Amino acid sequence: MSKCASAQYIISLLESFAPKKLAIEGDPIGLQVGSLNKPVKKVMIALDVLESVVDEAIEGKVDLIIAHHPLLYRPLKKIDISTSKGKVIEKLIKNDITVYAAHTNLDVTSLGVNEWLADQLQLTSTEVLSTTYEDKLVKLSVFVPRTHEDQVRFAIGNAGAGHIGNYSHCSFSSNGIGTFTPLEGTTPFIGKQGELERVEEVKIESILPESIVKVVVSAMKKAHPYEEVAYDLYPLLNKGEELGIGKIGKLPKEMGLQEFVEHVKTAFGVSHLRVIKGKNSIIKKVAVVGGDGNKYIYPALHKGADVLVTGDVYYHNAHDAQEEGLTIVDAGHHIEQIMKIKLKDILEQKLKNNKYETVVVESNIITDPFTFM
Ligand SMILES: [Zn+2]
């Protein structure tokens, strides 16, 4: 059966791995123009929402644009359709095209822009460059009759509990006796009304991020045979996964600066880039930040980067980096266009898995404003 997903549903798929709470404060992510309450036959992934991109969307009969850079970044005082911004908004509304922005939430998530850039540079052992979010951890312990031990263990594991490093379904079990007396009006799985029942039970304990508690508890209840499930949730002081802006990691092999520059050009398909030469002639440890890299010069230095690859660097910040001996490779902000194909592939797969026929396309417009002459 063919069906197309609603805009709201598509956004819920996106927010399942790039939730809004990961965005940097003040970043105007989310719905920007139009409505999410509509069916979507075609969604287009774009880096920027320029007029040429909107024309491409109109031509391609697109219902929803998911863009990395917010169309409306600063508050507008008016929508004057004689200005280019006003014209873009007018075209979007007249053609019933919704615009949704996934900006710093898509930078910060572990499945997002900075990770994709690091992958493209073939960096290994990557870590977050500048932490902006730390997941809180919770311990779940649930009491299950022996007969249903594995069923519940798999259900909570499949929902994401017990995911530690490269291991999934981590848990601990201990045996004991559970007691209960079914009262009037109950239909107990085991035992009779009014009689104290003793049951051999297993306590299953597992760790999970606070952000998925609801999903895990609901999966646990579904798999559990009891009407009233006995379980506890404890907040933990253990550190959860750190997320943030930028990545730092190692190259597969050491490179001289010229070789590294060629490596970056190939990785991002750019013909020219600007280099601020620091003191290291051998490059091994690389920091990468997709957009404006000005604030990440010192984090890159503190984490021992030989080079910072980024998009926008101001003249005076370039001096600071040079004085500190940090090499910067400014490959242009447009290298973030990698998000178009990556996000397209992820959403396409998720929609297909859920049997939706909504088509996902990427914008083919190059929105880099800079030309080398
Ligand atoms: Zn950007």
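Presented here is an overview of the structure given in this document. Here the structure is a predicted model, which is why all the values come from computation and not from measurement.

### Topic: the pattern of salt bridges
This structure, assessed with the given rule, holds 14 salt bridges. Across the pair Lys247 and Glu115 runs a salt bridge, and its minimum N-O distance is 3.1 Å. Of this pair, Lys247 sits in strand β8 (residues 231–256) while Glu115 sits in helix α5 (residues 113–120); the two residues are 132 residues apart in sequence, bridging distant segments of the chain. The pair Lys247 / Glu115 is uniform in exposure class, with both members buried. Linked by salt bridges that have partners in common, Glu51, Asp55 and Lys91 make up one network.

### As for the nonpolar core
Core analysis: the biggest nonpolar cluster contains 48 residues, and Ile66, Phe260 and Leu343 have the highest contact counts within it. Split by domain, this core shows at least three residues from each of two domains, domain 1 (5–102 + 337–362) and domain 2 (110–133 + 245–331). Judged by nonpolar contacts, the second largest core, of 20 residues, contains Leu129, Val289, Leu308 and Val313.

### Some points on the coordination of the zinc ion
Distances from the zinc ion to its protein donors, namely His69 (NE2), His333 (NE2) and Glu336 (OE), fall within the range 2.0 to 2.1 Å. Here the donor residues of the zinc ion are spaced in sequence according to H-x263-H-x2-E. You can see His69 sitting in the loop between β3 (64–67) and α3 (84–94) and its partner Glu336 sitting in the loop between β12 (327–330) and α11 (338–353), a full 267 residues away along the chain. For the pair His69 and Glu336, one class covers both residues: buried.

### Here's the deal with the sheet that holds strand β10 (residues 282–288)
Strand order in the open sheet made by the eight strands is β6-β7-β5-β8-β10-β11-β12-β9, with mixed pairing throughout. Each having just a single partner strand, β6 (172–180) and β9 (274–276) make up the two edges of the open sheet. Taking the axes of each pair of neighbouring strands and ignoring which way they run, one obtains an average angle of 25° across the sheet. Where β10 and strand β11 (residues 307–310) come together, three bridges link them in parallel fashion.

### Concerning the packing of helix α2 (residues 51–59) against α3
α3 packs onto α2 with a crossing angle of 15° between their chain directions and a minimal axis gap of 10 Å. With respect to α3, the element α2 is oriented roughly parallel. Judged by the twist between their axes, the crossing of α2 over α3 is left-handed. Of the residues in α3, those in contact with Glu51, Val54, Asp55 and Ile58 of α2 are Lys87, Val88, Lys91 and Leu92. For the contact of α2 with α3, the residue count by class is four nonpolar, no polar and four charged.

### Side note on the environment of Lys279
Here Lys279 lies in the loop between β9 and β10. Setting aside chain neighbours within four positions, we find Lys279 in contact with Glu324, Gly325 and Thr327.

About the criteria used
Residues numbered from 1 in each chain as written. Predicted model: local features only at pLDDT ≥ 70, side-chain atom pairs only at ≥ 80, totals over all residues. Heavy atoms only, no water. Salt bridge = Lys/Arg side-chain N within 4 Å of Asp/Glu carboxyl O. Helix = DSSP H or I, 4+ residues; strand = E, 2+ residues; numbered from the N terminus. Buried < 20%, exposed > 50% of the residue type's maximum accessible area, 1.4 Å probe, protein only. Core = buried A, V, L, I, M, F, W, Y, C linked by side-chain atoms within 4.5 Å. Domains from an automatic or database assignment. Donors = N, O, S within 2.8 Å, 3.2 Å for Na, K, Ca; no water. Pairing = 2+ DSSP bridges. Axes fitted to C-alpha atoms, helices over the stretch in contact; angles between N-to-C directions. Parallel < 35°, antiparallel > 145°, perpendicular 65-115°, else oblique. Left-handed = near helix turned anticlockwise from the far one by under 90°. Contact = heavy atoms within 4.5 Å. Nonpolar A, V, L, I, M, F, W, Y, C, P; charged D, E, K, R; others polar.

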